[in-house]
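Analysis of the macromolecular model
Here are the chains, one letter per residue:
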Amino acid sequence: MIVEDVLCPFCGCLCDDIKVEVEDGRIVGVKRACRLGSSKFMGHERISGPMVRRDGELTETTYDEAYDRAAQILKAAKRPLLYGWCSTVCETAKKGILLAEEVGGVIDSTATVCHGPSIIGIEEKGLAGSTLGQVKNRADLIVFWGANPAEAHPRHTMRYSSNSTGMFTPEGRGGRKVVVVDVRRTRTAKNADKFILIRPGTDYEVISALRMIVKGKGDLIPDTVAGIPKSDLEEVAGMMLAAKFGAVLIGLGLTHSRGRYKNVDNALSLVADLNGFTKFVVLAMRGHYNVAGFGQVCAWETGYPMAVDLARGAPYFNPGETAACDLLARKEADAMMVVAADPASNFPRATVEAMAEIPVIQVDPFPNPTTFLADVVIPTAVCGIEAEGTAYRMDGLSLRMKKVVDSGLPTDEEVVENILDRVRRLADDN
Amino acid sequence: MVIILKAIMISGRTLGQGASLEAKTSPEFFKATSICALSESDYDDLGISGEANVLVRTEFGEVVVSARKDDGLPPGVIFIPMGPWANAVVGMDTGGCGTPLFKGTEAEVEGTKMRVKDIQELFADLLRRGGDRS
Amino acid sequence: MIIEGGIVYDPKNGVLGEEMDVSIEDGRVVEESRDGEKIDARGMLVLPGGVDAHAHIAGGKVNTGRIMRPEDGRRGTEPRTKLLRPSTGYTVPNCYAIGYRYARLGYTIAFEAATPILEARHTHEELEEIPIVDKGALTLFGNNWEVLECVRDGDLDKLAAFVAWGLRASRGYGVKVVNPGGGEAWGFGGNVKGIDDPVPSFNVTPREIIRYLMKANEALRLPHSVHLHTNNLGKPGNYETTLATLRAVEDIAASRDRQVLHVTHMQFSAYGGTGWKDFESKASEIADYFNKHDQFTMDMGQLIFGSATTMTADAPLEYANARLLKAKWSNHDIELEESSGVVPIVYGRKNPINAIQWAIGLELALLTEDPWQMIMTTDHPNGGPFVNYPEVIALLMSRPKREEELATLHELASKRSSLPTIEREMDWNEVAIVTRAGPAKILGLPEKGHLGVGADGDVSIYEIDPEKVDPSRDHKEVKAALARAKYTIKGGEVVVRDGEIVAVPQGRTYWVDASVPEDQAAKVEADLASKFAKYYSIQMSNYMVQDAYVTRPRVIKAGVI
């Protein structure tokens, strides 16, 4: 049996045209997906069953005991941190926020180690964006800034950007210019009409110079900016001003390097400036397939998109204070629940050391270094393959993910709900 | 004499890292992620060849990874795919915005005969501290 | 349940301040209730539950407002309780705060005013999360490529079939048209300058788009009329565009007992002047026109001083706001369908433009003679947040309050508007019309906005005695009482007592399922299949809002067969 139009639960492209071949309840083939997506559909090693740590070793147990232990850990903690939520569906996030309220915890998503600075940039300047289809149908100039979709979002260029075709872009790549700005000549850069190699940590300067040129203050720019000849910058600014519809697609090159949210603030300002001359939009190249979705759910439920502290019962938001890495760095978190993420791999080593000193609950289909540190491990169905639910594409478009095969395992949502029920019962007992 | 290269370390995504992202205990993830890419000239300057390993050291830690040439990298910039090997040398400061500086750490690189730790070994010293609690 | 002895205003049923009982059973108003629950409303004002026909309460642009405005989130913080989720925000409250605050005001239903079909799933995710009140969403059609093509081809039957399809796809309640043609032009940074300015690439005019959509709306006999945000909204001199728009559709007849066109947040479309320097009110011209044309209705879009968040599908307007105010700016264009923008603003009493805008909203409401043609709104959160409705009602009821306010404003509010000369003070019956009976009639909700037998058991009770309080003099008491319902009853359940939430039921979501002939539906499907293959960034099979997102629907049937 072929299941059509399946959504891919890998990256923020959230491709929804995947064909999945199912035989005897197992996936035997995947068409149209990229290497990243195919790899996920075809499956990886799974956590074999629920486990709790006894005498230093993870030991198999029942789901009921795992839920009980998880609830006890969260209930006993004074400053629990509930982290992850991006490789799962929005329905899980909703339950997670409720759980965080119930235990007076801090809830944060993997956004804070990816495009969190982009969100802070948006708080400063707003985001002049669009859906990806708007880029596909109209853009005659694409600028990838610190983004490498050839490796991180392999179908982006074909479906939505450089190589896509649409109403006003029938020639596809042939009718477009592509500019790449990066600190190394990436695979994406190799496909560019113009590549600007910048030194790490100089994005802010380079964007500022472009803004000055765009606004007619180019004569104040020195001959080189961060090592780039002024003539190169003038050429790029000229391409931007000549475009009918330009799209700036920003990646972790801006958010992970010196300047962080200030880089994004400046990029958003450049796009706002450019709209005084022609049409421009800017989008963040979000990583996980539903990292955008957690931000949406968290915003409509708490008012804020990430790093929300619910210790006082009222949402309090101050990334830099209430983000996961901050709480761990200050050794403030005294228990951690990780849902659909792997902070042990993705946080700096010293931050992970703080994680190793506190009880950790893991809810995930897959084993990973967070499993090594966990005291309770609860395996779940893979969202988008074994469980349905809502996800938001990198441009904020909401889509419904399908269930293609049955795993017999509980969903992330069910697991969080079970833990929530037990936390409430513990509260009633006290 | 040991040749020490001063460089800026950045981390980032690769296809191989992404394809094995949810299979962290697999050989594919190890192969894709426990590496350090260097420009051809930096690689040659280190006096290493073939399947050599390098020791990458920053003020936050050090890690052994296997060296690769990458013609896309400019001299003075090294690249380690996102993952626990890269994060072994990234600092925890978030600059007041919640996000560590994953790209742009000053590093020293030298050839080494030391072995690359596998993922279990990388976390071995943390495991014991994870001990039994209830 | 019996609500005993209150002073009841139920304009639809001709009840004008009579002391009487209201009985509710199984969620509906009945002749006589047999169960024992009694609510003592003696000496209190009893009204049908409030009906908000136009507010931005759910969906992409509302959430964009939250995300870009953490400073607003901090303003409305209330911690969770055993019963309630936490509240945040003033102009862009979180979902829970929206439900709780409506209920505390005595409102029991609210409509989200602008949803693109492509992003309707998101709107419904948020509507599902808003507690207590019933709700619905108006669907945007005014810049949709399929609409523009049907208009260009003069194919009214296919257009009607598409409107029916779009309402079903979005689980939408009615046809919203925002700056028709302008949103498409904005795709390349342009706009349309009036109702006869052709839309780039499509060779149709806003006049044609509005006329065709109105005809399709009437062909489908939809419960609500077309709900229009005019071209040139927010610009000096735009009253001429507004009047030209109305004159252009005078020949179209309504298919049901209601208006044929609702022009929304009229305050933003009633401006004179050639620029900001000679900016002035043209509210009296607009009201005069309405007084002679009872087939049209409007809502105020009253401005409230202080913080607001402007958000609209009129993206070029938002860009202009951002440039003018040097404010942070979000824009979101939606492929093949719409554009939109969000810009924070602070309305100042001493700002001459804002002061005149404030006067215009009130002039419109007071100069339009028939209250059934007028709805009280603030275009939440564009003119200001809906929690300020009691302030607006107090202004409508009290000339002394208006004079007190005018004295604190920039003098041009008095010089460039007729407000100081307006003597009219609305009475409780008129207030009940512009906040309850009128919006229910205009939306086409026969079970809302009144207390006749069979109506939904939605009632608001305020601790104010209409027989003792003079709203003209005692406007502070009026405002205080309306801000904190003594009781709000939703579907026969007490949800607010003494201004506090005591129960959190989940409301229903209204949407309209309109039938069309199969051959027309097939033509639309074929068009759309081609659009999805070539232009949309998603598959057609993943487009329509699934039932999982509307868990408590109230489906209204309409259509041509």
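Since the model is a prediction, treat every value here as computed from it, not as a measurement. (Residues numbered from 1 in each chain as written. Chains lettered and ligands numbered in written order. Predicted model: local features only at pLDDT ≥ 70, side-chain atom pairs only at ≥ 80, totals over all residues. Heavy atoms only, no water.)

Take the pattern of salt bridges next. Considering all chains together, one arrives at 88 salt bridges over all chains under this definition. With a closest N to O distance of 2.7 Å, Asp395 of chain A and Arg393 of chain A form a salt bridge. In this structure, Asp395 of chain A and Arg393 of chain A share a single accessibility class: buried. Three or more residues are tied together by salt bridges with common partners; here these are Arg28, Asp134, Glu447, Lys448, Asp456, Asp458, Lys490 and Arg554 of chain C. (Salt bridge = Lys/Arg side-chain N within 4 Å of Asp/Glu carboxyl O. Buried < 20%, exposed > 50% of the residue type's maximum accessible area, 1.4 Å probe, protein only.)

Moving on, we come to the domain arrangement of chain A. Residue and element names in this part refer to chain A. One can read the domain layout of chain A as domain 1 (47-113 + 289-429) and domain 2 (116-284). For domain 1 versus domain 2, the distance between C-alpha centres works out to 34 Å. Facing the 10 residues of domain 1 at the interface are 14 residues of domain 2. Across the domain 1 to domain 2 interface the summed buried area is about 910 Å²; carbon plus sulfur atoms make up 65%. Linking domain 1 with domain 2 are three residue pairs in polar contact (both at pLDDT 80 or more). Split into classes, the residues belonging to the side of domain 1 that touches domain 2 amount to seven nonpolar, one polar and two charged. (Domains from an automatic or database assignment. Contact = heavy atoms within 4.5 Å. Buried area = accessible area lost by both parts, 1.4 Å probe. Polar contact = N/O pair within 3.5 Å; in protein donor to acceptor, adjacent residues only side chain to side chain. Nonpolar A, V, L, I, M, F, W, Y, C, P; charged D, E, K, R; others polar.)

Turning our eyes to something else, we now look at the arrangement of the chains. Counting contacts across all two pairs of chains that touch, the top-ranked interface belongs to chains A and C. Looking at chain B next to chain C, you find no contact at all, with the nearest C-alpha pair sitting 14 Å apart.

Each partner contributes to the interface: chain B provides 52 residues, whereas chain A provides 68 residues. A buried area of about 5,100 Å², summed over both sides, lies between chain B and chain A, and 60% of it is on carbon and sulfur atoms. Our count for the chain B to chain A interface comes out at four salt bridges. Where Asp71 of chain B meets Lys190 of chain A, a salt bridge forms, and the shortest distance between an N and an O atom there is 3.6 Å. Inspection of the region where chain B meets chain A yields 16 residue pairs in polar contact (both at pLDDT 80 or more). Elements represented by at least two residues in the side of chain B that touches chain A include exactly strand S1 (5-12), helix H1 (15-19), strand S5 (77-81), helix H4 (84-87) and helix H5 (119-127) of chain B. Of the residues assigned to the side of chain B that touches chain A, the class counts are 24 nonpolar, 17 polar and 11 charged. (Helix = DSSP H or I, 4+ residues; strand = E, 2+ residues; numbered from the N terminus.)

Residues and elements named next belong to chain A. A rise of 1.5 Å per residue sets the reference length of helix H17 (residues 412-429), with its 18 residues, at 26 Å; its end C-alpha atoms lie 26 Å apart and thus fit the reference within 8%. When H17 is considered as a whole, its buried residues turn out to be Asp412, Val415, Val416, Ile419, Leu420, Arg422 and Val423. The buried residues of H17 occupy an angular sector of 165° when projected down its axis, which confines them to one face. Exposed residues on H17 whose side chains face more than 90 degrees from its buried face are Asp428 and Asp429. Residues of H17 that are buried make contact with helix H2 (63-76), helix H3 (90-103), strand S18 (335-339), strand S19 (360-363) and strand S20 (376-378). (Expected span 1.5 Å × (residues − 1). Arc of directions from axis to C-beta.)

Read from one edge to the other, the open sheet built from four strands follows the order S8(A)-S16(C)-S17(C)-S15(C), with strand pairing classed as mixed. Of all strands in the sheet, those bounded by a partner on one side alone are strand S8 (128-130) of chain A together with strand S15 (306-312) of chain C. Strand-to-strand twist in this sheet, taken as the mean axis angle between neighbours without regard to direction, amounts to 25°. Sheet topology note: the S8 of chain A/strand S16 (residues 330-333) of chain C ladder contains three bridges and is parallel. For Gly129 of chain A, the partnering residue across the bridge sits in S16 of chain C and is His332 of chain C. (Pairing = 2+ DSSP bridges. Axes fitted to C-alpha atoms, helices over the stretch in contact; angles between N-to-C directions.)

A separate point is the side chain of Glu146 of chain C. For Glu146 of chain C, the position within the fold is in helix H5 (residues 145-153). Residue contacts for Glu146 of chain C: discarding those within four places in its chain leaves Lys158, Phe162, Asp527, Leu528 and Lys531 of chain C.

Attention now moves to the interface of chain A and chain C. Many descriptions give the size of an interface as the accessible area lost when the pieces come together. Contacts between chain A and chain C engage 65 residues on the former and 55 residues on the latter. For the pair chain A and chain C, the two sides together bury roughly 4,900 Å², of which 52% comes from carbon and sulfur. With a shortest N-O distance of 3.2 Å, Glu101 of chain A and Arg80 of chain C are connected by a salt bridge. Secondary structure elements with two or more residues in the side of chain A that touches chain C: H3, helix H4 (116-125), S8, helix H5 (132-138), helix H12 (291-302), strand S21 (389-392) and strand S22 (398-401) of chain A.

On average, chain B scores 92 in pLDDT, and the residues at 70 or more come to 94%. Segment residues 129-134 of chain B: pLDDT under 50, and 21 contacts once partners within four positions in sequence are set aside and those in other chains are kept. (pLDDT = per-residue confidence, 0-100.)

The next subject is the nonpolar core. The tendency in soluble globular proteins is for nonpolar side chains to be buried side by side. By size, the foremost hydrophobic cluster in this structure holds 202 residues, and its most contacted members are Leu99, Met337 and Ile419 of chain A together with Val163, Leu213, Leu261 and Trp358 of chain C. With 10 residues, the top contributor of residues to this core is helix H12 (residues 352-367) of chain C. Those residues in contact with Met337 of chain A that sit more than four places away from it in its chain are Leu74, Leu81, Leu82, Tyr83, Leu99, Ile361, Val363, Val416 and Ile419 of chain A. Counting residues in each nonpolar core, the second largest holds 58 residues, with Ala7, Val64, Val89 and Ala107 of chain B among its members. (Core = buried A, V, L, I, M, F, W, Y, C linked by side-chain atoms within 4.5 Å.)

The geometry of an aromatic ring pair comes down to the distance between the two centres and the angle between the two planes. In the structure shown here, the tally under the stated rule is 33 aromatic pairs over all chains. With centroids separated by 5.1 Å and ring planes inclined at 80°, the aromatic side chains of Phe168 of chain A and Phe188 of chain C adopt a geometry described as edge-to-face. Of this pair, Phe168 of chain A sits in the loop between helix H7 (156-159) and strand S10 (177-182) while Phe188 of chain C is found in the loop between helix H7 (182-185) and helix H8 (206-219), placing the two residues in two different chains. Here the aromatic rings of Tyr271 of chain C and Phe279 of chain C are separated by 4.7 Å at their centres, their planes lie at 65°, and the arrangement is edge-to-face. Residue Tyr271 of chain C is classed as buried on the basis of its relative accessible area, which comes to 0%. You can call Phe279 of chain C buried: its relative accessible area is 0%. Following the ring pairs from residue to residue traces out a cluster consisting of Phe168 and Phe245 of chain A together with Trp145, Phe188, Phe202 and Tyr535 of chain C. Residue placement shows Arg184 of chain A over the ring face of Phe79 of chain B; its charged tip is 3.8 Å from the ring centre. (Phe/Tyr/Trp six-rings, centres within 6.5 Å; stacked < 30°, edge-to-face > 60°. Lys NZ or Arg CZ within 6 Å of the ring centre and 35° of its normal.)

This brings us to the environment of Asn63 of chain C. Residues and elements named next belong to chain C. Position of Asn63 relative to the elements: it lies in helix H1 (residues 60-68). The spacing of Asn63 and Lys135 is 72 residues in sequence and 17 Å in space, taken between C-alpha atoms. Side chain to side chain, Asn63 and Arg66 meet in a polar contact 2.7 Å long.

Our next topic: the sheet that holds strand S9 (residues 141-145) of chain A. All names here are of chain A. The five strands lie next to each other as S11-S10-S9-S14-S15, forming an open sheet whose pairing is parallel. Since the sheet does not close on itself, it has two edges, and those belong to strand S11 (194-197) and strand S15 (279-284), each with one partner. Across this sheet, the average inter-strand angle for adjacent strands is 15°, counted without regard to direction. Running at roughly 135° to S11, helix H9 (residues 230-242) makes contact with S9, S10, S11 and S15 of the sheet.

Turning our eyes to something else, we now look at empty space enclosed by the protein. Over the atoms rolls a probe the size of a water molecule, and in doing so it shows where empty space is left. Taken as a whole, this structure holds 11 cavities of 30 Å³ or more when the rule is applied. Here the largest cavity defines a volume of roughly 510 Å³. Lining the largest cavity are 32 residues, and of these Ile122, Leu127, Gln296 and Gly396 of chain A together with Ile67 of chain C lie nearest its centre. Looking at the lining of the largest cavity, the elements with two or more residues in it are H4, S8, S15 and H12 of chain A together with H1 and S16 of chain C. Per element, the largest residue contribution to the lining of the largest cavity is five residues, and it comes from H12 of chain A. Here the lining of the largest cavity is built from residues that sort into 13 nonpolar, 15 polar and four charged. Both domains that furnish three or more residues to the lining of the largest cavity are identified here as domain 1 (47-113 + 289-429) and domain 2 (116-284) of chain A. Volume-wise, the second largest cavity comes out at about 420 Å³. As for the second largest cavity, its lining consists of 33 residues, and the residues nearest its centre are His288, Asp342 and Asn346 of chain A together with Leu21 and Lys24 of chain B. Contributing elements (two or more residues each) for the lining of the second largest cavity: helix H14 (343-346) of chain A together with H4 of chain B. (1 Å grid on protein atoms, 1.4 Å probe; cavity = no way out; pocket = protein on both sides within 12 Å on 5 of 7 lines; lining within 4 Å. Points joined across faces, edges and corners; volume = space filled by probe spheres on them.)

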